[in-house]
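# A structural walkthrough
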Amino acid sequence: MRHRHPDSPATEHLVIVGNGMAGHRLVETLLKRDDRPARITVIGEERVAAYNRILLSPLLAGEMTRDALTLREADWYAEQGVELILGERVATLDGEARRLTTDAGRTLGYDRLVLATGSRPAMPPLPGLELDGVRAFRDLDDAAALTRTAEAGGNAVVIGGGLLGLEAAEGLRKRGMDVSLIQRDDRLMNRQLDATAATLLEAELTRRGLTIFTEANIAALLDDGQGRVHEVRLEDGTRLPADCVVVAIGITPNAELGRQAGLATERAILVDAHLTTSDPAIHALGECCQFEGQLYGLVEPIWRQVDVLVERLCQRPGDAPVAGYREAPTATKLKISGVSLYAFGPIDPDDDHEVLAYHDPEQGDYRRLLLRNGRIEGAVLYGDTAMGPWYFERSLAGTDLGPCRQALLLGAADAQLLLDSPEPQDSPLKEAA
């Protein structure tokens with residue numbers, strides 16, 4: 001199938017499918033440009049305008065109001081000259097005709113299209129998953145339903161020991177429920193934390209009242225005889241009472257619309273360095289796209305994708321080529337119920353790594369660095385994470401930290417001082433040593 005090339009931004013109609021955080025960031029960034037596409041339409045499947053999903057956890061915990069999550073009210077789009085269509089899902093996409101149809105029967109033509117359809121919760125193949133009381137924790141409806149359940153008290157089981165699972169568990173606990181958390185791996189947050197940091201986190205959350213099972217597998221979710229979950233059975237025979245079950249084991253890209261339209265897909269919609277799909281008039285952005293084998297779930301790389309895509313969408317004939325998106329190392333900075341974490345690079349050392357570690361059990365602080373030939377390749381910080389950005393900057397720069405090795409775990413100021421003022425080889429201190 002041959003596609004026409006997109007028109008000039010000065011005359012084209014841009015349609016963005018998806019009003020989540022990625023789609024909204026794209027709109028906000030485009031509106032700062034005078035050379036943006038002449039007409040912009042945004043279609044969102046949810047009934048409400050874009051909101052910050054990252055804040056769903058404090059909303060569930062009762063630490064934040066619903067209004068605090070809103071990125072822009074619906075009226076704002078109209079004020080900016082952007083058409084916003086909410087509560088409709090795009091059902092079909094015809095790339096040859098450049099036309100889409102929503103489940104409400106609305107038909108729209110476009111000159112250029114951006115798929116920012118995000119992702120949905122991954123659901124494990126478990127008996128009983130269809131029971132009432134079993135749900136994910138992904139959107140406002142999930143948060144509202146879990147809040148109503150928690151108000152009645154009782155027992156909750158959370159499946160998944162990553163960030164979202166831990167936040168859901170803590171939110172339900174703070175609402176007054178007795179919460180058990182099931183983690184299949186041998187430690188919590190196994191993609192971000194080493195064994196020591198994960199042990200510290202587990203101890204802290206257990207002290208607060210969570211019951212945590214690691215290296216645990218679920219055999220089935222059992223009903224109460226009326227179609228509602230009431231118990232979780234583990235493979236070792238352990239039975240946990242459950243008035244609700246929250247599944248938080250990861251995400252699955254929403255790539256079905258791209259597949260239906262005949263776009264090239266694998267796990268998600270394939271894009272090139274300019275976020276362009278196999279159809280030159282269609283782009284994909286964020287959690288629904290796949291670039292060089294990578295999928296996305298963190299905002300930092302997605303924000304960089306937005307910047308690249310904006311340049312591409314505003315490009316006019318004769319303009320200089322637009323720089324493409326490139327993968328870059330990312331540091332993970334998290335706060336789980338008051339506990340700060342910072343990590344980047346490999347989690348577990350290999351045989352060639354030098355490992356430096358600092359642990360203050362009384363203060364609950366832990367730092368561990370992985371060095372190769374004097375250069376930091378990975379770090380895990382728990383508790384006091386102030387040095388995290390300094391470590392990350394030195395890692396990106398490939399700085400040889402040999403001159404400040406003895407101060408690396410103590411403080412950025414001391415380490416930087418040694419880096420900036422290396423001790424002369426004929427120093428009396430050297431001679432005394």
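Procedures and definitions
- Residues numbered from 1 in each chain as written.
- Predicted model: local features only at pLDDT ≥ 70, side-chain atom pairs only at ≥ 80, totals over all residues.
- Heavy atoms only, no water.
- pLDDT = per-residue confidence, 0-100.
- Contact = heavy atoms within 4.5 Å.
- Pairing = 2+ DSSP bridges.
- Helix = DSSP H or I, 4+ residues; strand = E, 2+ residues; numbered from the N terminus.
- Axes fitted to C-alpha atoms, helices over the stretch in contact; angles between N-to-C directions.
- Buried < 20%, exposed > 50% of the residue type's maximum accessible area, 1.4 Å probe, protein only.

Right, let's get into the confidence of the model for the protein. In regions of low pLDDT, the predicted coordinates are not meant to be interpreted in detail. In the predicted model, the protein carries a mean pLDDT of 93, and the fraction of residues at 70 or more is 95%. Long-range and interchain partners of residues 1–5, a stretch whose pLDDT sits below 50, account for twelve contacts in this model, where long-range means more than four residues apart. Throughout residues 424–433 the model reports pLDDT below 50, and contacts reaching past four residues in sequence, or to other chains, amount to five contacts.

A few words now on the sheet that holds strand β22 (residues 339–344). Either a parallel or an antiparallel arrangement is found when strands of a sheet pair, and the pairing is made through backbone hydrogen bonds. Read across the sheet, five strands follow the order β21-β22-β25-β24-β23 without closing on themselves; strand pairing throughout is antiparallel. In the strand order of this sheet, the two ends are held by β21 (332–336) and β23 (354–360), each with one partner. When the angles between neighbouring strand axes are averaged without regard to direction, this sheet yields 15°. In this structure, β22 lies alongside strand β25 (residues 375–382), joined through four bridges in antiparallel fashion. Following the sheet pairing, Y342 is matched in β25 by L381.

Ordered by their spatial adjacency, three strands build an open sheet running β13-β14-β15, and the pairing between neighbours is antiparallel. On the outer flanks of this sheet lie β13 (218–223) and β15 (239–241), each paired with one strand and no other. When the angles between neighbouring strand axes are averaged without regard to direction, this sheet yields 20°. By the bridge criterion, three bridges tie strand β14 (residues 229–234) to β15 in an arrangement that is antiparallel. When the sheet's bridge partners are listed, R233 is paired in β15 with R239.

This part covers the environment of G23. Inspection of the secondary structure assignment puts G23 in helix α1 (residues 21–30). Among the residues examined, G23 registers a relative accessible area of 1% and is labelled buried. Counting along the chain gives 19 residues from G23 to V42, while the straight-line C-alpha distance between them is 8.2 Å. Contact partners of G23, with chain neighbours within four places excluded, come to I16, G18 and A116.

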